[in-house]
Amino acid sequence: MTTSLHVGLIGVGLMGHGIATSLLRADHRLSFLDHPGNQPSDDLIDKGASALTSAREVAETADLVILCVTGTPQVESVLFDEGGVLEGLKPGQIVVDCSTAIPSSTQAIDARVREAGGRFVDAAMTRTPKEAAEGRLNLIVGADQALFDVLKPLFGAFAEHITHGGPVGAGHTLKLLHNFVSLGFTAVLAEASAASRRAGIDDAVLLEVLGNGGGGGVVLERLRPFLTDADPSGFRFSLSNSLKDVGYYQSMSEDLGASRQLSQAITRLYQDIVDAGHGERLVPELVSLLGESQSKQP
């Protein structure tokens, strides 16, 4: 694949804006879908990006299209609705789905894109908007080897670690496995932290004990700023999105006939918090929310 491409981006949210910034820094041309859910994008336009009014126009204009939307329903909408990507798809054009989605739906979407003459790749992301803007995401790709090799230089513009997971669907499968582990660890650490506070343990002491033992790791470090300074920005991911991801994991594990005993309990915890009206709060705030819910129990 050539060193400079015209990339069409649909979904300029927190992660998508970071990807856009990194693509422009790597001298790729960029067109994106103008949408109310986007982050402010004047900075992208100032750097040469153009805003278009439909997903069809994005596909018509670009060499390839990257989707960075919330999940399966949004992917299907931007691809298949009136004015969607498939209406503007060119023969052999590549669609890269960086969302978090249910693998069985990913495979069905792949079939529809191929029927329309295009090629489809799932390239799920881990890490945060900060790393997206720095070009340091982790990317987990589902594609045949030849197509993965073609796309890897482009992915290097916004990803530091690029893993070929296997055929289409493998990227989303591995992302759901990853997020279940990450959000499961978060739930365990948040519940333990809330209990620790009720027991009168100093947060700094808990952090020291966990960090020096079996509780240490990436998730603890993301929660650390909240425990020390009530700063939730270490894990800029909403509780509603957390519920979506563990729910997708539940659907995938059900499709696979895999055990879901623990995931059912974790999903219920996030569901209860979201049902209580806290869906837009950030993940680290789960510590204080669980503390509040404990204090209300008889």
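Starting from 1, residues in each chain are numbered consecutively following that chain's sequence as written. Owing to the predicted nature of the model, reporting of local features is limited to residues with pLDDT of at least 70; listing and counting of side-chain atom pairs is limited to 80 or more, with chain, interface and lining totals taken over all residues. In computing side-chain values, all of the structure's heavy atoms are included and hydrogens and water are not.

Examining the pairing of strand 8 (residues 159-166)
Along any regular strand the residues' side chains alternate between the sheet's two faces. Two strands pair under a simple rule: DSSP has to find at least two bridges between them. Numbering of helices and strands runs from the N terminus; a helix is a DSSP stretch of H or I covering at least four residues, while a strand is a stretch of E covering at least two. The sheet contact formed by strand 7 (residues 137-142) and strand 8 spans six bridges and is parallel. If you follow Gly 142 over to strand 8, its bridge partner there is Gly 166. With helix 8 (residues 145-155) bridging strand 7 and its parallel neighbour strand 8, the resulting β-α-β unit is right-handed. Call a crossover right-handed when, viewed with both strands pointing away from you, the route from the first strand across the helix to the second goes clockwise.

Examining the environment of Val 181
You can see Val 181 is positioned in helix 9 (residues 170-198). Burial classification: accessible surface area is computed with a 1.4 Å probe over protein chains only, and a residue below 20% of its type maximum counts as buried, one above 50% as exposed, and the rest as partly exposed. Given a relative accessible area of 40%, Val 181 falls into the partly exposed group.

A short note on the pattern of salt bridges
What counts as a salt bridge is simple: a side-chain nitrogen of Lys or Arg found within 4 Å of a carboxyl oxygen of Asp or Glu. Tallying each qualifying case throughout the model produces ten salt bridges. Where Lys 130 meets Glu 134, a salt bridge forms, and the shortest distance between an N and an O atom there is 2.9 Å. With Lys 130 and Glu 134 both in helix 7 (residues 129-134) and four residues apart, this pair spans about one turn of that helix. With relative accessibility at 53%, the residue Lys 130 sits in the exposed group. Taken together, the salt bridges that share partners define one network made up of Arg 127, Lys 130, Glu 134, Arg 136 and Glu 160.

What about the sheet that holds strand 5 (residues 94-97)?
Pairing is mixed in the open sheet, where eight strands are placed in the order 3-2-1-4-5-6-7-8. The open sheet is flanked by strand 3 (50-52) and strand 8, the only strands paired with a single partner. Ignoring strand direction, the axes of neighbouring strands in this sheet form an average angle of 25 degrees. Pairing geometry for strand 4 (residues 64-67) and strand 5, over four bridges, is parallel. Residue pairing across strands places Val 65 opposite Val 95, the latter belonging to strand 5. Between N-to-C directions, angles span 0 to 180 degrees; the directions come from axes that are lines fitted to C-alpha atoms, helices contributing only their stretch in contact.

Focus on the nonpolar core
Take the buried residues of types Ala, Val, Leu, Ile, Met, Phe, Trp, Tyr and Cys, join any two whose side-chain atoms come within 4.5 Å, and each joined set is a nonpolar core. By size, the foremost hydrophobic cluster in this structure holds 36 residues, and its most contacted members are Leu 23, Val 96, Val 141, Leu 151, Phe 155 and Phe 158. In this view, Leu 23 contacts Val 7, His 28, Leu 30, Ile 66, Leu 154, Ala 157 and Phe 158; residues no more than four positions away in its chain are not counted. Listed in part, the 32 residues of the second largest apolar core include Leu 176, Ala 187, Ala 194 and Ile 266. Any two residues whose heavy atoms approach within 4.5 Å at even a single point are treated as in contact.

Observations regarding helix 8
Taken together, the buried positions of helix 8 are occupied by Leu 147, Phe 148, Leu 151, Leu 154 and Phe 155. For helix 8, the buried positions fall inside an angular range of 110 degrees around the axis, keeping them on one side. Exposed side chains of helix 8 directed beyond 90 degrees from the buried face belong to Ala 146 and Pro 153. The N-capping residue of helix 8, defined by a side-chain oxygen 3.1 Å from the backbone nitrogen of Ala 146, is Asp 144. What the arc measures is the spread of directions leading from the helix axis to the C-beta atoms. Polar contacts, as used here, are pairs of N or O atoms within 3.5 Å; protein pairs need one atom able to donate a hydrogen and one able to accept it. Residues neighboring in sequence count only if both atoms are side-chain atoms.

Some details on a nonpolar patch on the surface
Put simply, a patch holds well-exposed residues, over 30% relative accessible area, that have no salt bridge, with like charges counted together within 9 Å and Val, Leu, Ile, Met, Phe, Trp or Tyr side chains within 5 Å. Here the Shrake-Rupley method, with its probe set to 1.4 Å, supplies the accessible areas, and only the displayed protein chains count as covering residues. A cluster of nonpolar side chains, Ile 201, Val 205 and Val 209, forms an exposed patch at the surface whose accessible area comes to about 250 Å². Within the fold, Val 209 resides in helix 10 (residues 203-211).

Structural notes on the pairing of strand 6 (residues 119-126)
Among the eight residues of strand 6, seven are classified as buried, and the element is accordingly described as predominantly covered. In the sheet, strand 5 pairs with strand 6 via four bridges, with the strands oriented parallel. Along strand 6, the bridge assignment pairs Asp 97 with Asp 122. The handedness of the strand 5 to strand 6 crossover, carried by helix 6 (residues 103-115), is right-handed. Strand direction decides the pairing type here: strand 6 and strand 7, joined by five bridges, are antiparallel. Each residue of the ladder has a partner; that of Met 125, found in strand 7, is Leu 139.

Here we look at unusual backbone geometry
In this structure, Asp 27 is a non-glycine residue whose phi angle is positive, near 70 degrees. Here Asp 27 lies in the loop between helix 1 (14-25) and strand 2 (29-33). A relative accessible area of 59% means that Asp 27 is categorised as exposed. For Ala 230, which is not a glycine, the phi torsion comes out positive at approximately 55 degrees.

Some thoughts on the side chain of Ser 31
Checked against the element boundaries, Ser 31 lands in strand 2. A polar contact is formed between the side chain of Ser 31 and the side chain of His 6, at a distance of 2.7 Å. Other than its neighbours up to four places away in sequence, Ser 31 contacts His 6, Val 7, Gly 8, Leu 9, Ser 50, Leu 52, Val 58 and Thr 61.

A short note on the packing of aromatic side chains
Aromatic ring pairs are defined here through the distance separating the ring centres and the angle between the ring planes. Whether two aromatic rings pair depends on their centres lying within 6.5 Å, for rings of Phe, Tyr and Trp, where Trp uses its six-membered ring; planes under 30 degrees apart make the pair stacked, over 60 edge-to-face, and the rest tilted. Counted by the stated rule, this structure contains three aromatic pairs. Measuring from ring centre to ring centre gives 6.1 Å for Phe 155 and Phe 158, while their planes differ by 75 degrees; the resulting arrangement is edge-to-face. Across this residue pair, the class does not change: Phe 155 and Phe 158 are buried. Considering the side-chain rings of Phe 235 and Phe 237, the 6.4 Å spacing of their centres and the 25 degrees angle between planes classify their relative orientation as stacked. When its relative accessible area of 24% is taken as the criterion, Phe 237 is described as partly exposed. Each ring is checked for a lysine NZ or an arginine CZ that lies within 6 Å of its centre and within 35 degrees of its normal; such an atom marks a charge sitting over the ring. Here the basic side chain of Arg 112 rests over the ring of Phe 80, its NZ or CZ set 3.6 Å away from the ring centre. Positioned above the aromatic ring of Phe 235, the side-chain terminus of Arg 222 is 4.9 Å from the ring centre.

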